[in-house]
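Remarks on the overall topology
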Amino acid sequence: MAKKEKKIKLDELTPEEQLKYEIAEELGLMDRVLKDGWKSLSAKETGRVGGLMTKKKREMKMEALKEIK
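The present account deals with the structure reproduced in this document. Computed from a predicted model, the values in this text were never measured in an experiment.

The rules we used
Residues numbered from 1 in each chain as written. Predicted model: local features only at pLDDT ≥ 70, side-chain atom pairs only at ≥ 80, totals over all residues. Heavy atoms only, no water. Helix = DSSP H or I, 4+ residues; strand = E, 2+ residues; numbered from the N terminus. Buried < 20%, exposed > 50% of the residue type's maximum accessible area, 1.4 Å probe, protein only. Contact = heavy atoms within 4.5 Å. Areas by Shrake-Rupley, 256 points an atom, 1.4 Å probe, with all protein chains shown as cover. Expected span 1.5 Å × (residues − 1).

Re the overall build of the protein
Looking only at helices and strands, the protein has 3 helices and 0 strands in total. Moving toward the C terminus, one meets the helices and strands of the protein in the order α-α-α. Here the protein, with 69 residues, has 17% of them falling under the buried criterion. If you take every contact in the protein between residues at least 6 apart in sequence, the share linking residues at least 24 apart comes to 44%. As displayed, the protein offers around 6100 Å² of accessible surface, 55% of which is attributable to carbon and sulfur atoms.

Written out as structure tokens, the structure reads:
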């Protein structure tokens, strides 16, 4: 059975998805993600991406609150 190729359009991602891909790039995981998908990552790698996403979202929220004050 042939594997379905799903083309990822990086310019049509939501801000959260963009952040996810950005972090994967920073961690050097982007090639594997683009080639084999997110399922190719280990639980440790996936957890690292999720943890960094949470950290960056929290930092962005704090920055936004500081700008309001």
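Let's talk about helix 3 (residues 43–68)
The end-to-end C-alpha distance of helix 3, which contains 26 residues, comes to 38 Å, matching closely the 38 Å that a straight helix rising 1.5 Å per residue would cover. Turning to helix 3, its buried residues are Val49, Leu52 and Met53. Looking at the packing, one finds that the buried side of helix 3 touches helix 1 (15–26).

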